[in-house]
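# A look at the structure
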Amino acid sequence: MIKSELCSLLGIEYPVFQGGMAWIADGKLAAAVSNGGGLGIIAAGNAPAEYVKEQIKIARSLTDKPIGVNIMLLSPYADDIAPLVIEEKVEVVTTGAGNPSKYIKEWNAAGIKVIPVVASVAMAKLMTRLGASALVAEGGESGGHVGELTTMVLVPQVCDATTLPVIAAGGIADGRGAAAAFMLGASGVQMGTRFLSAEECTIHPVYKEKIVKAGDLCTMVTGKRLGHPVRSLRTPFSREYSKAEYGGMPDDELEALATGALRLAVQEGDNEKGCFLAGQVASMVKEVQPAAEIIRDVISGAETVLKGASTWLG
Ligand code: TUI
């Protein structure tokens with residue numbers, strides 16, 4: 001059975017995190033993942049603290065395993081959610097889309113394991129120095145807000161730059177990807193897109209269907225001009241946004257075009273105006289399954305690959 005230092009550090013059975021996907025990763029999904037032996041993570045996204053508090057309550061009612069909260073640092077509510085995770089005694093906090101330096105001391109003092117998502121070596125070094133417990137190294141194959149480097153290139157460099165356990169994210173959806181991440185030096189993997197198809201994931205059925213039917217070239221990156229590149233499924237919305245972006249639409253109009261688009265995808269399944277965030281692995285997600293089965297699949301798949309790896313040694 002695959003184990004790593006992350007399992008004892010966090011009190012989890014398998015070194016598998018579920019990514020903190022805004023609007024998507026709620027208390028129900030997080031609890032299902034934690035019950036399946038991974039680490040379920042509630043996404044704060046752009047939501048106010050009351051929403052996050054409610055989702056923590058839901059997760060706690062469904063599992064007694066450790067859970068995490070992801071704080072998206074561009075959110076106007078980040079400063080309200082930072083103390084909430086202490087009050088609620090959340091076991092793990094992950095952060096994304098920015099620099100969480102100003103919060104780390106207080107979270108550590110409260111006994112929370114702080115695991116920032118990093119997309120560069122510089123940020124990995126800074127977070128190590130400031131007292132993080134582990135790092136998620138996320139490559140640009142991921143869905144949502146993307147960094148510059150790929151997982152293949154980022155993970156080994158982050159592993160070289162830190163003594164902390166590294167969780168690889170971006171482009172991982174099965175046992176082969178997980179095994180490859182371990183070979184790059186990672187102690188765990190985080191998956192977002194694969195969990196979109198979890199039975200316990202409450203996104204609109206149209207969203208799930210789009211993921212399961214997606215092909216290899218189905219995603220694109222928009223938003224570079226405004227400094228927040230985001231990977232999503234190719235849809236009428238993403239094509240229109242891209243056209244506007246490169247056609248010189250003023251910044252404020254471009255921003256208005258994207259407002260509410262995530263909610264329209266997640267809650268309404270709106271193919272025309274919704275923004276369906278997804279990673280490049282969408283085409284590798286083939287069926288709707290319980291979260292616990294997804295975790296078992298990935299772990300047992302990785303085991304098979306790793307056992308077979310000795311054939312390379314002749
Ligand atoms: O955060 C993500 N993925 C996301 S966030 C999101 S919601 C959103 N809303 C508005 C604009 C953009 C996104 C959808 N998906 N992944 C983790 C991640 N963090 N990837 C890259 C980073 C990152 C980037 C810069 C982490 C640190 C960082 O530091 C920059 C600095 O020096 O402050």
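Residues numbered from 1 in each chain as written. Predicted model: local features only at pLDDT ≥ 70, side-chain atom pairs only at ≥ 80, totals over all residues. Heavy atoms only, no water.

Right, let's get into the packing of helix 11 (residues 236–246) against helix 12 (residues 251–258). Direction vectors running N to C along helix 11 and helix 12 enclose 175°, while the axes themselves pass 10 Å from each other. Taken together, helix 11 and helix 12 sit at an angle that is classed as roughly antiparallel. Contact residues: helix 11 offers Phe237, Glu240, Tyr241, Ala244 and Glu245, while helix 12 offers Leu254, Leu257 and Ala258. Of the residues that constitute the contact of helix 11 with helix 12, the class distribution is 6 nonpolar, no polar and 2 charged. (Axes fitted to C-alpha atoms, helices over the stretch in contact; angles between N-to-C directions. Helix = DSSP H or I, 4+ residues; strand = E, 2+ residues; numbered from the N terminus. Parallel < 35°, antiparallel > 145°, perpendicular 65-115°, else oblique. Contact = heavy atoms within 4.5 Å. Nonpolar A, V, L, I, M, F, W, Y, C, P; charged D, E, K, R; others polar.)

This paragraph deals with unusual backbone geometry. Of note, the phi angle at Trp23 is positive, near 75°, even though the residue is not glycine. Relative to the assigned elements, Trp23 resides in the loop between strand 1 (16–18) and helix 2 (27–35). Taking the relative accessible area as the measure of exposure, Trp23 reaches 42% and is therefore partly exposed. Phi is positive for Ala97, which is not a glycine, with a value near 60°. (Buried < 20%, exposed > 50% of the residue type's maximum accessible area, 1.4 Å probe, protein only.)

For the coordinates displayed, the defined rule picks out 0 disulfides. Take Cys201: it sits in no disulfide, and the sulfur closest to it among the cysteines is that of Cys275, at 15 Å. (Disulfide = S-S within 2.5 Å.)

Next up on the list: the site of the ligand. Within the structure, the ligand sits among 14 residues, and Ala97, Gly98, Met123, Glu138 and His145 are positioned closest to it. Ala97 has a polar backbone atom sitting 3.0 Å from a nitrogen atom of the ligand. Contact between the ligand and Glu138: a nitrogen atom at 3.0 Å from a side-chain N or O atom of the residue. Relative to its unbound accessible surface of 720 Å², the ligand loses 71% to contact with the protein. (Near = heavy atom within 4 Å. Polar contact = N/O pair within 3.5 Å; in protein donor to acceptor, adjacent residues only side chain to side chain. Areas by Shrake-Rupley, 256 points an atom, 1.4 Å probe, with all protein chains shown as cover.)

With that out of the way, let us pick up the pattern of salt bridges. In the structure shown here, the tally under the stated rule is 7 salt bridges. A salt bridge links Asp79 to Lys102; the nearest nitrogen and oxygen atoms lie 3.1 Å apart. A residue pair is termed long-range when its members are at least 10 positions apart, and Asp79 in helix 4 (residues 78–87) and Lys102 in helix 5 (residues 101–109) qualify at 23 residues. Overall, the relative accessible area of 60% leaves Lys102 in the exposed class. Measuring nitrogen to oxygen at the nearest pair gives 3.3 Å for the salt bridge that ties Asp297 to Arg194. Of this pair, Asp297 sits in helix 14 (residues 291–308) while Arg194 sits in helix 9 (residues 193–196); the two residues are 103 residues apart in sequence, bridging distant segments of the chain. Given a relative accessible area of 35%, Asp297 falls into the partly exposed group. (Salt bridge = Lys/Arg side-chain N within 4 Å of Asp/Glu carboxyl O.)

Take the environment of Ile294 next. Note that Ile294 resides in helix 14. Overall, Ile294 belongs to the buried group, its relative accessible area being 0%. In this structure, the C-alpha to C-alpha distance between Ile294 and Ser197, residues 97 residues apart in sequence, is 9.2 Å. In contact with Ile294, other than residues within four places in its own chain, are Met191, Arg194, Phe195, Ser197, Ala198 and Gln289.

Right, let's get into helix 6 (residues 121–129). The backbone nitrogen of Met123 lies 3.2 Å from a side-chain oxygen of the residue at the head of helix 6, namely Ser120. After helix 6 finishes, the residue Gly131 shows a positive phi value of roughly 105°.

For the protein chain, the assigned domains are domain 1 (5–202 + 288–302) and domain 2 (219–277). A separation of 25 Å is found between the C-alpha centroids of domain 1 and domain 2. Roughly 930 Å² is buried in total at the junction of domain 1 and domain 2, and carbon and sulfur atoms are behind 66% of that figure. For domain 1, the biggest contributors to the area lost against domain 2 are Trp23, Gly144 and Val146; these three give 50% of the whole. The tally of links between domain 1 and domain 2 comes to 0 salt bridges. Taken together, the connections running from domain 1 to domain 2 amount to 5 residue pairs in polar contact (both at pLDDT 80 or more). (Domains from an automatic or database assignment. Buried area = accessible area lost by both parts, 1.4 Å probe.)

Spatial ordering of the open sheet is given by 1-9-8-6-5-4-3-2, a layout of 8 strands whose pairing is parallel. With one partner strand each, in any of the chains shown, strand 1 and strand 2 (40–43) form the two edges of the open sheet. Taking each pair of neighbouring strands and ignoring which way they run, the sheet shows an average axis angle of 25°. Where strand 3 (residues 67–72) meets strand 4 (residues 92–96), 5 bridges bridge the pair, whose relative direction is parallel. If you follow Asn70 over to strand 4, its bridge partner there is Thr94. Across the face of the sheet, helix 3 (residues 49–62) comes into contact with strand 2 and strand 3 while running at roughly 160° to strand 3. Along the sheet, helix 6 makes contact with strand 5 (113–118) and strand 6 (135–138), crossing strand 5 at roughly 165°. (Pairing = 2+ DSSP bridges.)

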